[in-house]
Amino acid sequence: MPVTLPAIIDTWFDARGWRPRRHQMDMLAAAERGDHALLVAPTGAGKTLAGFLPSLADLIAHPTDRLHTLYVSPLKALAVDVRRNLLTPIEEMGLSISVETRTGDTPSDRKARQRVRPPHILLTTPESLSLLLSYPDAALLFSDLKTVIVDEVHAFATQKRGDLLNLSMARLQAINPTLRRVALSATVADVDAYRAWLAPDGDIDAVTPVMGEAGAEPNVAILIPEGRVPWSGHSGKYAAKQVMAEIEARQTTLVFCNTRGLAELIFQELWSVNDANLPIAIHHGSLSIEARRKVESAMAAGKLRALVATASLDLGVDWGNVDCVIQMGAPKGSSRLLQRIGRANHRLDMASEAILIPGNRFEYLEARAALDAVEAGERDADDFRPGSLDVLAQHVMGLACAGPFRAEELLAEVQSAMPYSALTPEAFDHVLHFIEGGGYALRAYDRFKRLTQDDDGSWRVSHPRFIQQHRLNAGIIVDQPALAVRFANGRKLGTVEEGFAAQLRPGDSFFFSGMALEVVRMDTSDLTVRATSKQARIPSWGGSRMAMSTRLADRVRHFLAEPEEWHRFPPDVREWLEMQKLRSTLPQPGQLLIETFPHEGRHYLVCYSFEGWNAHQSLGMLLTRRMESQGLMPLGFVANDYALAVYGMKPVTDPASLFSADILDHEFVDWVEQSSLLKRAFRDVAVISGLIERQHPGKRKTGRQVTFSTDLIYDVLRKYQPDHLLLKAAWADARARMTDVGRLGDLIDRAGQTMLHVTLDRVSPLAVPVLILIGREHVAQTAAEDALLMEAEALVAEAMRAD
């Protein structure tokens, strides 16, 4: 029997001249059967309404005064935006359905009231949901919960926030076994993998896949710069005038950048050529809440002509008046590009318009590969991995705050969460005893004794102070040590990382929040500034850079090996590849090309592996250590997403010996243990697991204090308990997140089987983009920049000479 909409919703659709889409009705049908559901539909297809439609229909048919639907978003801004868009139809239909948000920005009095008198629909984040579950009344609050909707599931399912959410859903399912789980996404490559992630106990057949209708094909172009595609750089700032011309020709443009530092740079470049004085703004995660909300409101009201943004606005923010998206630099993945393209138009029947601005010649190939992938319907693969133990420790402590538990019952519940389905009783026991006393190396300290086991075998929190400590410090996102940027009147503009702030002195100036700011003074927590017209620098933020996805890397490799495709490229890119083919060679797909050559008294080895900046940085550290042991006198290395260049005083005649597989067993372990990587990873897992608190009642630790505390504990554990749970978790993080060891391993495997070593008498055309990076890391003076520019021009001339 076909499903039908309630009359009041049907009338609302009719009044707008709309009909519900097939996938919206399919979601309603899945709800009526009681099935879990995964909806994959393009942006503009009414995906969010499809997720909420069954809840609205059920609330109309069966009014209640209890919490009915929980919507979980990866971003605070998205929860606020969805509330605005959901309230409109509810108010227009005259429905008595309440909708509220609960995020870290929600006032404490409203949070307290929500637990007593909840709305019908609550919009929240994984962290806020986890905190709700830490209260003794959680079972009562969620006892009648009918549906959990996970939006933009692709954005965090494979990460630690996804681990936390899956554990929270397992607890909600235990409270109410009839609970339905729903997930929404526009960009999922492996539908079955996400069905398994969403389902209780990983039962893929319990989740109905609902596929949305295809929308209009996006209209995506690569901007060819006036002049030639640059040899180096990744910002696309050379095209500022052309980008400004595109902004002037449109109603509203979103300009996406891959990093916060790049967003600040591009905003300044655009502002400097904004001759028409159009209203443009900037948005990224380090700006204050007030600054972000002000910009979001201005965009929603149509008051801005352009907004420069980072991934802070990648997801689901619905501004219908955006008519073009511009991506500065390469997109790094087809799924990310599609997500960003989808921010334009929000109409399924209208083509979204987007423009890519490649930063250099390799990025042109990457941009072309991304366009081809989008046209072919290819999405980036997602890497699901076992759930993190530091996240599990935080979750277990949170549930203990809600009341005593029995280990065997909680283990079964945890194992019903897909990321932890393979968790062994022994591993779970290690987590419990870690929370109980910190591990045997820390058992003498009372501040680590958070759990106690009673005579009947149940576990409970040792002291009420640990409950307050947990709720103050819980969370998965671990910010780098940071200082607040403030005007003298106390107005906060946002935060900069401690490492960048440490480079500043009173009188120095930097760009932030779109302004040039001069440092007035600095203390342990604040950087006091004033506006200035002085020359300023761009702040730097830490964290891993986005690597080009493996599928885009494969497409770029194919471009190099298929000259018949080169007619699609600009003349200078084509000339570059033709000269490389003449002077050296171009690698075949799967082949690892190694070039060695002398240049200005040094000897260079360049490896073209396309495995991303993080993997190349790690490999550079390992190769220079091995070269040192072989007496090759390495001097340094530089890397981009496409290649790694190592240089030294002696030539490398046998690169195969440098790339042997045991480098990951010997040099890798030594390097990670001796570098700051493991300590940085340990700091994060120690904070997430609750071993180290960031905040005390009424005050917050500085980043320096947190780092000092974790470094002391790290040294104790390395010495007395090297198999400690948190050291294992830190190693897992360092391998996966910081060094990208998976792609590094692929690179080493490929080297052993397919290495092609070419010896040249001088630099090759393909090597120019990475060699130009030498000397550019810390350049600040104009004279130095000019010298480097002249050096780059000479390098290009030498590489592109045919003889």
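Residues numbered from 1 in each chain as written. Predicted model: local features only at pLDDT ≥ 70, side-chain atom pairs only at ≥ 80, totals over all residues. Heavy atoms only, no water.

(A) Seen up close, the nonpolar core. Core analysis: the largest hydrophobic core is formed by 110 residues, its most contacted members being Phe142, Phe428, Phe659 and Phe682. Counting residues in hydrophobic clusters, the runner-up holds 70 residues, among them Trp231, Ala309, Trp566 and Ala799. (Core = buried A, V, L, I, M, F, W, Y, C linked by side-chain atoms within 4.5 Å. Buried < 20%, exposed > 50% of the residue type's maximum accessible area, 1.4 Å probe, protein only.)

(B) Representation of unusual backbone geometry in the model. Unlike most non-glycine residues, glutamate 152 shows phi in positive territory, near 50 degrees. The buried category is assigned to glutamate 152, whose relative accessible area is 3%. Phi at aspartate 201 takes a positive value of approximately 60 degrees, unusual for a residue other than glycine. Following the sequence through the fold, aspartate 201 ends up in the loop between helix H9 (191-198) and strand S7 (207-211). Overall, the relative accessible area of 59% leaves aspartate 201 in the exposed class. (Helix = DSSP H or I, 4+ residues; strand = E, 2+ residues; numbered from the N terminus.)

(C) A look at helix H2 (residues 22-33). The end-to-end C-alpha separation of H2 is 17 Å, in line with the 16 Å expected for 12 residues at 1.5 Å each. Listed in full, the buried residues belonging to H2 are His23, Gln24, Met25, Met27, Leu28, Ala29 and Ala30. Buried residues in H2 make contact with helix H1 (7-15), strand S1 (36-40), helix H3 (47-61), strand S6 (180-185) and S7. Positive backbone phi, at 80 degrees, marks glycine 34, one or two positions downstream of H2. (Expected span 1.5 Å × (residues − 1). Contact = heavy atoms within 4.5 Å.)

(D) A look at the packing of aromatic side chains. One pass over the structure, following the stated rule, counts 19 aromatic pairs. On the basis of an interplanar angle of 75 degrees and a centroid distance of 6.0 Å, the ring pair of tyrosine 445 and phenylalanine 448 is categorised as edge-to-face. For phenylalanine 448, a relative accessible area of 3% gives the class buried. Arranged with centres 6.3 Å apart and planes meeting at 70 degrees, the rings of phenylalanine 610 and tyrosine 642 form a pair that is edge-to-face. Of this pair, phenylalanine 610 sits in the loop between strand S22 (602-608) and helix H22 (613-629) while tyrosine 642 is found in the loop between strand S23 (634-639) and strand S24 (643-648), placing the two residues 32 residues apart along the sequence. In this pair, the class of phenylalanine 610 matches that of tyrosine 642, namely buried. Counting every residue linked through ring pairs, the aromatic cluster contains Trp231, Phe362, Trp576, Phe610 and Tyr642. Here the basic side chain of arginine 115 rests over the ring of tyrosine 135, its NZ or CZ set 3.7 Å away from the ring centre. The ring of tyrosine 135 has arginine 471 lying over it, and the distance from NZ or CZ to the ring centre is 3.8 Å. (Phe/Tyr/Trp six-rings, centres within 6.5 Å; stacked < 30°, edge-to-face > 60°. Lys NZ or Arg CZ within 6 Å of the ring centre and 35° of its normal.)

(E) Here's a closer look at empty space enclosed by the protein. For the structure shown, the criterion picks out 2 cavities of 30 Å³ or more. Taken as a whole, the largest cavity encloses approximately 90 Å³ of empty space. Residue lining of the largest cavity: 13 residues in total, with Arg450, Gln469, His470, Ser689 and Gly690 positioned closest to the centre. Among the secondary structure elements, those contributing two or more residues to the lining of the largest cavity are helix H15 (389-402), helix H18 (464-473) and helix H25 (677-689). For the lining of the largest cavity, the leading source of residues is H18, giving 4 residues. Tallied by class, the residues present in the lining of the largest cavity amount to 5 nonpolar, 7 polar and 1 charged. (1 Å grid on protein atoms, 1.4 Å probe; cavity = no way out; pocket = protein on both sides within 12 Å on 5 of 7 lines; lining within 4 Å. Points joined across faces, edges and corners; volume = space filled by probe spheres on them. Nonpolar A, V, L, I, M, F, W, Y, C, P; charged D, E, K, R; others polar.)

(F) Here's a closer look at the sheet that holds strand S19 (residues 515-522). Reading across from one edge, S17-S16-S20-S19-S18 is the order of the 5 strands in this open sheet, with mixed pairing throughout. In this open sheet, the two edge strands, each paired with only one partner strand, are strand S17 (492-497) and strand S18 (509-512). Averaged over all adjacent pairs, the angle separating strand axes in this sheet is 40 degrees, with direction ignored. Of the strand pairs in this sheet, strand S16 (residues 482-487) and S17 are connected by 5 bridges, and their pairing is antiparallel. For leucine 483, the partnering residue across the bridge sits in S17 and is valine 496. (Pairing = 2+ DSSP bridges. Axes fitted to C-alpha atoms, helices over the stretch in contact; angles between N-to-C directions.)

(G) Spatial organisation of a nonpolar patch on the surface. On the surface, Met633, Leu635 and Met649 cluster together into a nonpolar patch covering about 280 Å² of accessible area. Among the secondary structure elements, methionine 633 is positioned in the loop between H22 and S23. (Patch = residues over 30% accessible without salt bridge, like charges linked within 9 Å, V, L, I, M, F, W, Y side chains within 5 Å. Areas by Shrake-Rupley, 256 points an atom, 1.4 Å probe, with all protein chains shown as cover. Salt bridge = Lys/Arg side-chain N within 4 Å of Asp/Glu carboxyl O.)

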